[in-house]
Structures are given as C-alpha cells and as structure tokens.
Amino acid sequence: MQNYEFTKEELAKIDKIIAKYPNPQPAVMPVLWMAQEKFGHVEPEVQQLVAKTLDLTPAHVYGVASFYTQYYKEKKGKYVLDVCTSFSCQACGAYDTLHELEEKLGIKAGETTEDGMFSIQSVECLGACGYAPMMQITNDVYVNHLTSEKLDKVIEGLKQDKLPEFEPIPLVQNREPAEEK
Ligand code: FES
C-alpha cells in the first residue's frame, strides 16, 4: 500500500489555508484539491491523510469528497473525459456522444483504458448548457458542441498530450440587431 504524506512545504501551505477560516472544516475542499493534484486521486487513504492533517474525522472528509464528481475517489486515467448527460446536453445527443466515446476507447463510463490514458465519466451539468453537447477534460478544458470528428481530434491530440485549444464562443449568437424606434 502506498504511503501518502504531505511534505513540510505542503503542510506550511495547508496551515495558511486553515488560518483563513475560524475552524478547519472549510479547508477540506482546498486541501482535498491539493491532495488530488499531488496524488492524482483522493482514494480513502488520501482522505484519511486529509482528515488527520486537518484534525477532522474521516467521515467528514468522505462526506465532502463523495459529494463532488470532481474529486476522484479511485485512481483514474491520465485524462478524465467528463461527458455531461444532464438535460440540455441530453436533448442535444449527449448519450449518443457518450456511447460513441465508449466505442472509440473500448471502455464504458466509469472505466479506465488498460494503458491508463483515459477514463470516461457521465456527469451532471457543467454549467455550459448553451454549448451542448459538451465535455470537460480532467476538471479543466471544456470541449463544446461535440461531434464525432471533434471527438476523434480530441482523442488523437490527447494521445500526444495535446489539450484542445480554448474555443471562444460569443455570448450572444444569431441575434438580429434591434430595430430603431
Ligand atoms: S446540461 Fe450539459 S452543461 Fe448543462
């Protein structure tokens, strides 16, 4: 079993986080995030480390970690592909996209490819409903208006560790200029 520990520098950073709050509870989220960035996940042993470091019960840390899909409660692939399957994305074909992605990578949602490169997750609304269907890559880059071609391009890019470029999307689309009165 891996021995999970924070370094002296990381503990000093955690002390600064704790000092911002009247008690350690609110520090759980940023410290879980720190832990995930360091270890790649927050498996139960990592949650225990966070609990011990913040002098909280493991149950409290588990309660926070288990609420958010953004915290990985088990080891994941290098790239985690979160396909939104909430209402707007669903109405724009999110399940077709999800199943196509599953077929392309040879795994189901919730699984990781054998080479450890990709995991797929079906997730709740990512707050980009206007750009449906969409997905997020490892809690970071959004890929909007997914098509089969776009999925191929993204997967090929990620195999070479290239994240897709940020896609600027105008806030107001296809609106006619208002008529003057
Ligand atoms: S429903 Fe998919 S981003 Fe909101």
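Sequence order as written defines the numbering, with residues in each chain counted from 1. In keeping with the model being predicted, local features are shown solely for residues with a pLDDT of at least 70 and side-chain atom pairs are shown and tallied solely at 80 or more, while totals for entire chains, interfaces and linings include all residues. The side-chain numbers reported here are obtained from all heavy atoms of the structure, hydrogens and water having been left aside.

Novice: Talk me through the sheet that holds strand β4 (residues 141-143); I want residue IDs and the actual numbers.
Specialist: Read from one edge of the open sheet, four strands run β2-β1-β3-β4, paired in mixed fashion. In the strand order of this sheet, the two ends are held by β2 (118-123) and β4, each with one partner. The sheet shows a mean angle of 25° between the axes of neighbouring strands, direction not considered. Bridge analysis of strand β1 (residues 79-84) against β2 gives six bridges, and the strand direction is parallel. Paired with V83 across the strands is S122, a residue of β2. Residues are treated as being in contact if the distance between any of their heavy atoms lies within 4.5 Å. Note on method: axes are straight lines fitted to C-alpha atoms, helices fitted across the in-contact stretch only, with angles between N-to-C directions ranging 0 to 180 degrees. Segments assigned H or I by DSSP are reported as helices when at least four residues long, segments assigned E as strands when at least two residues long, and all are numbered from the N terminus. The strands that helix α7 (residues 148-159) touches are β1, β2, β3 (135-137) and β4; relative to β3, the one it contacts most, it runs at about 5°. DSSP-based pairing: two strands are paired if at least 2 bridges between them are found.

Novice: With reference to specific residues and values, describe the pattern of salt bridges.
Specialist: We define a salt bridge as a contact between a side-chain nitrogen of Lys or Arg and a carboxyl oxygen of Asp or Glu at a distance within 4 Å. Applying the stated criterion to the full structure yields eight salt bridges. K38 is the partner of E10 in a salt bridge, and the nearest nitrogen-oxygen pair spans 2.9 Å. Here E10, found in helix α1 (residues 8-19), pairs with K38, found in helix α2 (residues 28-39); they are 28 residues apart in sequence, far enough to count as distant. With a 1.4 Å probe rolled over the protein chains alone, any residue whose accessible area is under 20% of its type maximum counts as buried; one over 50% counts as exposed, and the rest are partly exposed. Take K38: its relative accessible area is 34%, and that puts it in the partly exposed class. E156 serves as the salt-bridge partner of K159, at 3.6 Å between the closest nitrogen and oxygen.

Novice: Give a description of the packing of aromatic side chains that names residues and reports values.
Specialist: By convention, a stacked pair of Phe, Tyr or Trp rings (six-membered ring in the case of Trp) has centres within 6.5 Å and planes under 30 degrees apart, an edge-to-face pair has planes over 60 apart, and any other such pair is tilted. Within this structure, the stated rule accounts for six aromatic pairs. With 4.9 Å between their ring centres and 75° between their planes, Y4 and F39 make a pair best called edge-to-face. With a gap of 35 residues between them, Y4 in the segment before α1 and F39 in helix α2 connect regions that are remote in the sequence. Of the two residues, Y4 and F39, neither departs from the other in class, the shared state being buried. Ring centres of F67 and Y68 lie 4.9 Å apart, and the angle between their planes is 80°; on these two criteria the pair is classed as edge-to-face. One aromatic cluster in this structure is built from W33, F67, Y68 and Y71.

Novice: Outline the nonpolar core, listing residues and values.
Specialist: Counting residues in hydrophobic clusters, the biggest one holds 22 residues, and the most contacted among them are F6, V31, L32, V50 and L54. Residue assignment for this core shows that the elements contributing at least two residues are α1, α2, α3 (44-54) and α4 (58-67). Ranked by residue count, the leading element in this core is α2, at six residues. Apart from the residues within four sequence positions on either side, L32 is in contact with V42, V50, V61, V64, A65 and Y71. Think of a nonpolar core as a cluster: buried Ala, Val, Leu, Ile, Met, Phe, Trp, Tyr and Cys residues, connected wherever their side-chain atoms sit within 4.5 Å.

Novice: Tell me about the domain arrangement of the protein, residues and numbers included.
Specialist: Bear in mind that the domain bounds are from an automatic or database domain assignment. We note that the domain assignment places domain 1 (8-67) and domain 2 (79-159) within the protein. For domain 1 and domain 2, the distance between their C-alpha centres works out to 29 Å.

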